[in-house]
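Spelled out from the first residue to the last, the chains are:
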Amino acid sequence: MTFCRGQTMRKAPLFAATGLLLASSLALAQTPYTEDSTYRGLGGKEGIRKITDTFLELVLADPRIKDNFADFDIPQINQRLQEQFCEYAGGPCKYSGKYRDKTMDGTGTVRDMKSVHIDLKITDAMFNALAEDLQLAMERHGVSTYVSNKLVAKLAPMHRDIVTASAPPAPARPDRGRFLATGGVSTVEGAGGGGITPWALITGYGTRDSWGGNVHYTRVQTQDYSLGTYGVAVGVADRLELSVARQDFQGDLAPLNLLRIKQDILGLKVKLAGDAVYDQDRPMPQVALGIMYKKNKGIGGLGALGVTNVKQLGAKDDRGYDYYLSATKVCLEHSLLVNGTLRATKANQMGILGFGGDKGDHVKLQPEVSVAWLAHRTLAIGAEYRRKPHNLGVDPEKAYYDVFAAWFPTKNVSVTAAYANLGTITIFNPKTQKGWYLSLQAGI
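What counts and how
Residues numbered from 1 in each chain as written. Predicted model: local features only at pLDDT ≥ 70, side-chain atom pairs only at ≥ 80, totals over all residues. Heavy atoms only, no water. Axes fitted to C-alpha atoms, helices over the stretch in contact; angles between N-to-C directions. Helix = DSSP H or I, 4+ residues; strand = E, 2+ residues; numbered from the N terminus. Parallel < 35°, antiparallel > 145°, perpendicular 65-115°, else oblique. Left-handed = near helix turned anticlockwise from the far one by under 90°. Contact = heavy atoms within 4.5 Å. Nonpolar A, V, L, I, M, F, W, Y, C, P; charged D, E, K, R; others polar. Salt bridge = Lys/Arg side-chain N within 4 Å of Asp/Glu carboxyl O. Buried < 20%, exposed > 50% of the residue type's maximum accessible area, 1.4 Å probe, protein only. Patch = residues over 30% accessible without salt bridge, like charges linked within 9 Å, V, L, I, M, F, W, Y side chains within 5 Å. Areas by Shrake-Rupley, 256 points an atom, 1.4 Å probe, with all protein chains shown as cover.

**Comments concerning the packing of helix α3 (residues 44-61) against helix α4 (residues 74-88)**
Move 1: Viewed as axis vectors pointing N to C, α3 and α4 meet at an angle of 135 degrees, and their least axial separation amounts to 9 Å. With respect to α4, the element α3 is oriented oblique. Judged by the sense of rotation from one axis to the other, the crossing of α3 with α4 is right-handed. Between α3, through Lys-45, Ile-48, Arg-49, Thr-52, Asp-53, Phe-55, Leu-56 and Leu-60, and α4, the contact on the second element is made entirely by Ile-74, Asn-78, Leu-81, Gln-82, Phe-85 and Cys-86.
Move 2: Class assignment of the residues belonging to the contact of α3 with α4 gives a composition of eight nonpolar, three polar and three charged.

The following block contains the structure:
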């Protein structure tokens, strides 16, 4: 922790801790609820008292932030938190405290949030640790995810005023400082997002001061085909994402039971603007620009027919680029995540059947949409849609769509299960391909 100018080393942790904890309550001061449904959802005054007690216990035991709370006046802050949570949840309370300089003695000039926190050197990881402890406290007292998210929605926008510092030089290990599930899962092309479409979120849980990464394996099994994808993705400073993936497509039904096509995918994604989580008071979503380079490795199992390359099926090329622009918004007030992606592509079946063809060899803009209900802090349930170009006469491809459930038991592991519809694959098998989808992700 960097000490504030003009303070002794003994007092600095107290001032920093005070600012950190009050951040979690004063964040609500901008937009208190005008009706009491959130207050009632928290259990009224008695429920808020229990939540606040548990919250403080969690904070003081949290190895990420507990060292900042030496000499902390717990009873005073407990009372202030109860008043704040009550008032701004729509309850019959009034907050009795004010920010006065950097002291808690009730004297001095009242200052705004930003000026109070400018010297406290609060980082992303510290801010998020407090919010997570608050979520856990509410969960332990039976508060619904819907109500919990509404309270966190009041906290998140204050990130702009409260987080005033970067952490020390990059740590040897990731800080895992972002909220659970905000790295998304791994798509079938390796990028961070949903199952079949990338999101603007950067993979991993590293904050702007750190990095994060994961390895993943995904399998899609339909009646006649299977697709396996495995790879590695790294997110740097919550700004840049790099991914490497290999797809392995196989036929399971004669006469294509020997069919095997592999494809390598290199991905790059850059966050351009906005923040999907913190900007709860703004309509602006998080926006990211991405590019994927795809190289088809040829066709196996059809040598007897003289087919070894996708060009022999009518594709114009066996390699190409996808460009995409994604916008993601987490609407905590409604426990929803919404994503829209616009992809510029010539890829046939994601590139598994090459790029371009006899029906077209120019880049087409294809829309993709994801919507997820944040059913719990660890669970998202949703659906996705992805439109695809129709470039090959032998490939009457239709849109992909799925319904999924993604479970995040920890920041190290996630499991996604889905029912997917991949449309038709080739004219040689006009059957609509439907089946299950399972993705496992392990990260640091």
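**Comments concerning the pattern of salt bridges**
Move 1: According to the stated counting rule, one finds 31 salt bridges in the structure shown.
Move 2: Asp-36 is the partner of Arg-40 in a salt bridge, and the nearest nitrogen-oxygen pair spans 3.0 Å.
Move 3: On the accessibility criterion, Arg-40 (53% relative accessible area) is exposed.
Move 4: A salt bridge links Arg-49 to Asp-53, with the nearest nitrogen and oxygen atoms 3.0 Å apart. Placement of the pair is Arg-49 and Asp-53 together in helix α3, with a separation of four residues, close to one helical turn.
Move 5: Using a relative accessible area of 31% as the deciding quantity, one classes Arg-49 as partly exposed.
Move 6: According to the relative accessible area criterion, Asp-53 is partly exposed, its value standing at 25%.

**Focus: a nonpolar patch on the surface**
Move 1: A cluster of nonpolar side chains, contributed by Leu-242, Leu-268, Val-270, Leu-272, Leu-289 and Leu-325, occupies part of the molecular surface with about 470 Å² of accessible area.
Move 2: In terms of residues, the nonpolar patch owes the most to one element, strand β6 (residues 260-273), which gives three residues.
Move 3: Inspection of the secondary structure puts Leu-272 in strand β6.

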